[in-house]
Amino acid sequence: MKALLSVSDKTGIVEFAQALHAMGIQLLSTGGTAKLLADKGLPVTEVAEVTQFPEMLDGRVKTLHPKVHGGLLARRDLPEHMAALKEHGIETIDLLVVNLYPFEATVAKEGCTLADAIENIDIGGPAMVRSAAKNWKDVGVVTAADQYEKVLAELKANGKLSNKLRFELSVAAFNRISQYDGAISNYLSSVKFEEEKLSEEYVPARAEFPGQFNEQYVKVQDLRYGENSHQQAAWYRDLAPAAGSLATGVQLQGKELSYNNIADADAAWECVKSFEVPACVIIKHANPCGVAIGANPFEAYSKAFQTDPTSAFGGIIAFNRPVDKAAAEAVSKQFVEVLMAPDFTAEALEIFKAKVNVRLMKIALPENYGVVRNALETKRVGSGLLLQSADNHELQLADLKVVTIKQPTPEELNDLLFAWKVAKFVKSNAIVFCKNGMTMGVGAGQMSRLDSARIASIKAEAAKLSLQNTVVASDAFFPFRDGLDVVVDAGATCVAQPGGSMRDQEVIDAANERGVAMVFTGVRHFRH
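Residues numbered from 1 in each chain as written. Predicted model: local features only at pLDDT ≥ 70, side-chain atom pairs only at ≥ 80, totals over all residues. Heavy atoms only, no water.

- In the annotation of an unreviewed UniProt entry, the entry for the protein reads Bifunctional purine biosynthesis protein PurH, and the organism field reads Comamonas kerstersii.
- Per UniProt, the protein has the following entry under Sequence similarities (unreviewed entry): "Belongs to the PurH family." (UniProt positions renumbered as here; feature names shortened; annotations may be inferred.)

See below:
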């Protein structure tokens, strides 16, 4: 057997090559990889010796040769292929080990020049990978260090690679080429080319959205069905998921997650991550029906549950702190579909053993979890795609502009910031009543902001919660004073809204007339 090794990332390559050599496999290599292996005492033949043609053009041309690609592409089961190899003195290559120039890492660096980006576009590597992957029945192609162990295990056990593994490696190779080419396309089609600035030091300005948008995802699992039982579905994740995102979670127990479970769980998790203090979020049909902060998970949950016990039935619950015994005992008394937290104590896990269908998800949070979120959001529309930067705006106290005669109290300002965080995760039109770090009434997803305000009041009444001396967050401006009147009639004394309406002054005058405080945030949070 003969293996050709040519890697940019040399992690584990020496040990891998040593293991191949120990099994009697002949080693071919190029450039820096060949030097590294030779320095480690391994017998290695440089590709230039095989091709009888030197590496040239600063390494741009070294493996683009019939003695390389012929050895990779020839079908061993076709006599005419083997005769052609013999006629031209070409030997077969049975194993190709290639990883590509670090294009993605290069262009991700601040100040990356166009010249550096171009030089990190691999040509020979992808060409060899495609040749080997096409001829998978005869050639194994290794494109990542995490494949080394599995390849060595089969070679040691059987002396060769199985068809199953060679096909698996071929699929992974074509996936990697697709990812690589997609990254190159994304970068080049985002460059704002300026010929007058062209030089080796030229760092091009780049459009936020490329001319062609290429995305790749890896399937996590097939799902039983989609939003409804007659729809088919699967769950995919980013190639490199953000730390602390739902896709990085581990399911500890319970039934398989459904399509709706995953969608609602993501809404709950993203909302609870926005709080730095212990918090609990309860989601039902993509909307928060209860959110609260507290001294500990138990207190946060108890307050969140009070907001809307009826809607909380069968909901999705997320904590941003480990679930302990007290919180677990409280949650176990209600019907919950999914429970998420950074961790669970041994006592908490024991409590949920009796609830075998409850899906427990453990998701590790990074230190700066409050700001680590997806950079982009997508939405399919017909035969197209909407792409936008994610709504990661975090409102600060200094951003609030008081527009009324009455000034908010410090307590009201704290509750306004809390209410505003919740409103960002409520479907528009959104109206959120809060008090003492707890949602008191949530109106979501109505065609009229006035109806959302009324529904929030009705929800509070159903939960036997008083809205007296509450604060209210509205995710967009009040187009008329009637919405303000509804929340004030319900008991609100302070309101936060973006402002920006043609009738802002009318609404401000109404707030002054009703003797309540109102602040403008200067930013809205539509969520569709």
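**Here we look at the overall build of the protein**
Here comes step 1: Looking only at helices and strands, the protein has 19 helices and 23 strands in total.
Here comes step 2: In terms of C-alpha radius of gyration, the protein reaches 30 Å, well past the compact-globule figure of 24 Å for 528 residues.
Here comes step 3: Overall size of the protein, expressed as C-alpha extent along the three principal axes, is 95 × 65 × 45 Å.
Here comes step 4: When the accessible surface of the protein is totalled, it reaches about 25,700 Å², and 53% of it is carbon and sulfur.
Here comes step 5: Averaging the coordinates of the 55 positive side-chain charges in the protein and doing the same for the 64 negative ones gives two points 5 Å apart. (Helix = DSSP H or I, 4+ residues; strand = E, 2+ residues; numbered from the N terminus. Rg over C-alpha atoms; globule rule 2.2 N^0.38 Å. Areas by Shrake-Rupley, 256 points an atom, 1.4 Å probe, with all protein chains shown as cover. Lys, Arg positive; Asp, Glu negative; His and termini not counted. Charge placed at Lys NZ, Arg CZ, Asp CG, Glu CD.)

**Describing unusual backbone geometry**
Here comes step 1: Residue Ser 428 is joined to Asn 429 through a cis peptide bond whose omega torsion reads -5 degrees.
Here comes step 2: With respect to the helices and strands, the residue Asn 429 is situated in the loop between helix 16 (410-423) and strand 19 (431-434).
Here comes step 3: For His 285, which is not glycine, the phi torsion reads 50 degrees and is therefore positive.
Here comes step 4: Counting through the fold element by element, His 285 comes out in the loop between strand 11 (279-284) and strand 12 (287-293).
Here comes step 5: With relative accessibility at 64%, the residue His 285 sits in the exposed group.
Here comes step 6: At Ala 286, a position not held by glycine, the phi torsion is positive, near 75 degrees. (Buried < 20%, exposed > 50% of the residue type's maximum accessible area, 1.4 Å probe, protein only.)

**Structural notes on the nonpolar core**
Here comes step 1: The biggest cluster of nonpolar side chains holds 52 residues, and the ones touching the most others in it are Leu 5, Phe 16, Leu 20, Leu 96 and Val 97.
Here comes step 2: Per-element tally for this core: the top contributor is helix 10 (residues 163-188), with eight residues.
Here comes step 3: Within the second largest apolar cluster, 51 residues are counted, among which are Ile 282, Ala 304, Leu 450 and Ala 456. (Core = buried A, V, L, I, M, F, W, Y, C linked by side-chain atoms within 4.5 Å.)

**Description of the sheet that holds strand 2 (residues 26-29)**
Here comes step 1: The five strands are arranged 3-2-1-4-5 in an open sheet whose pairing can be described as parallel. Lying at the two open borders of the sheet, with one neighbouring strand each, are strand 3 (44-46) and strand 5 (140-142). For this sheet, the mean angle separating the axes of adjacent strands, direction not counted, is 25 degrees.
Here comes step 2: One ladder, built from three bridges, connects strand 2 with strand 3; its direction is parallel. Among the inter-strand pairings, Ser 29 is bridged to a residue of strand 3, identified as Glu 46.
Here comes step 3: Strands in contact with helix 1 (residues 13-22) are strand 1 (2-7), strand 2 and strand 4 (95-99); relative to strand 1, the strand with the most contacts, it is inclined by about 175 degrees. (Pairing = 2+ DSSP bridges. Axes fitted to C-alpha atoms, helices over the stretch in contact; angles between N-to-C directions. Contact = heavy atoms within 4.5 Å.)

**So, the side chain of His 525**
Here comes step 1: Following the sequence through the fold, His 525 ends up in the segment after strand 23 (517-520).
Here comes step 2: For His 525, the contacting residues outside a window of four places in its chain are Asp 391, His 393, Trp 420, Lys 424, Ser 428 and Asp 475.

**Describing the pairing of strand 14 (residues 336-341)**
Here comes step 1: Among the six residues that make up strand 14, five are buried, leaving the element largely enclosed by the rest of the structure.
Here comes step 2: Note that strand 13 (residues 315-319) and strand 14 share four bridges and pair parallel. The residue of strand 14 that forms the bridge with Ile 317 is Leu 339.
Here comes step 3: The handedness of the strand 13 to strand 14 crossover, carried by helix 14 (residues 325-331), is right-handed.
Here comes step 4: Two elements, strand 14 and strand 15 (residues 359-362), share four bridges in a ladder whose sense is parallel. When the bridges of strand 15 are listed, Val 338 appears paired with Arg 359.
Here comes step 5: As a crossover connection, the stretch from strand 14 through helix 15 (residues 346-352) into strand 15 is right-handed. (Right-handed = clockwise from strand over helix to strand, strands pointing away.)

**Side note on the sheet that holds strand 11**
Here comes step 1: With mixed pairing, six strands are arranged side by side in an open sheet as 10-15-14-13-11-12. Here the strands that pair on one side only, and so sit at the sheet edges, are strand 10 (250-253) and strand 12. Strand-to-strand twist across the sheet, computed as the mean angle between neighbouring axes with direction ignored, equals 20 degrees.

**Some details on the side chain of Ser 6**
Here comes step 1: By the secondary structure assignment, Ser 6 is in strand 1.
Here comes step 2: A polar contact is formed between the side chain of Ser 6 and the side chain of Thr 30, at a distance of 2.7 Å.
Here comes step 3: Excluding anything up to four places from it in sequence, Ser 6 contacts Thr 30, Thr 33, Val 97, Val 98, Asn 99 and Met 128. (Polar contact = N/O pair within 3.5 Å; in protein donor to acceptor, adjacent residues only side chain to side chain.)

**A few points about the domain arrangement of the protein**
The extent of an interface is frequently quoted as the accessible surface area lost upon association of the parts.
Here comes step 1: Looking at the protein, the domain boundaries give domain 1 (2-197), domain 2 (250-365) and domain 3 (397-520).
Here comes step 2: With centres defined by C-alpha atoms, the gap from domain 1 to domain 3 works out at 61 Å. (Domains from an automatic or database assignment.)

**Structural notes on the pattern of salt bridges**
Pairs may arise between side chains of opposite charge once their charged atoms sit close together.
Here comes step 1: With the rule as written, the count across this model stands at 22 salt bridges.
Here comes step 2: Here Arg 75 and Asp 77 are joined by a salt bridge, their closest N and O atoms 2.9 Å apart.
Here comes step 3: Classification of Asp 77 by relative accessible area gives exposed; the value is 52%.
Here comes step 4: Here Arg 76 and Asp 94 are joined by a salt bridge, their closest N and O atoms 3.4 Å apart. Of this pair, Arg 76 sits in the loop between helix 4 (66-73) and helix 5 (79-87) while Asp 94 is found in the loop between helix 5 and strand 4, placing the two residues 18 residues apart along the sequence.
Here comes step 5: You can call Arg 76 partly exposed: its relative accessible area is 23%.
Here comes step 6: What makes Asp 94 buried here is its relative accessible area of 19%.
Here comes step 7: In the salt-bridge network here, residues are joined through shared partners; they are Arg 481, Asp 485, Asp 489, Glu 513 and Arg 514. (Salt bridge = Lys/Arg side-chain N within 4 Å of Asp/Glu carboxyl O.)

**Observations regarding the packing of aromatic side chains**
Here comes step 1: Counted by the stated rule, this structure contains eight aromatic pairs.
Here comes step 2: Look at Phe 275 and Phe 418: their rings are 5.4 Å apart centre to centre, the planes differ by 40 degrees, and that puts the pair in the tilted class. One end of the pair, Phe 275, is in the loop between helix 11 (259-272) and strand 11; the other, Phe 418, is in helix 16, and 143 residues separate them in sequence.
Here comes step 3: Clustering of aromatic rings is evident, with ring pairs tying together Phe 103, Tyr 180 and Tyr 187. (Phe/Tyr/Trp six-rings, centres within 6.5 Å; stacked < 30°, edge-to-face > 60°.)

**Side note on the packing of helix 8 (residues 124-134) against helix 10**
Here comes step 1: As a packed pair, helix 8 and helix 10 sit with axes 9 Å apart at the nearest point and diverge in direction by 150 degrees. With respect to helix 10, the axis of helix 8 lies roughly antiparallel. Crossing hand, helix 8 versus helix 10: left-handed. In this structure, helix 8 contributes Pro 126, Val 129, Arg 130, Ala 133 and Lys 134 to the contact, and helix 10 contributes Ser 170, Ala 173, Phe 174, Ile 177 and Tyr 180. (Parallel < 35°, antiparallel > 145°, perpendicular 65-115°, else oblique. Left-handed = near helix turned anticlockwise from the far one by under 90°.)

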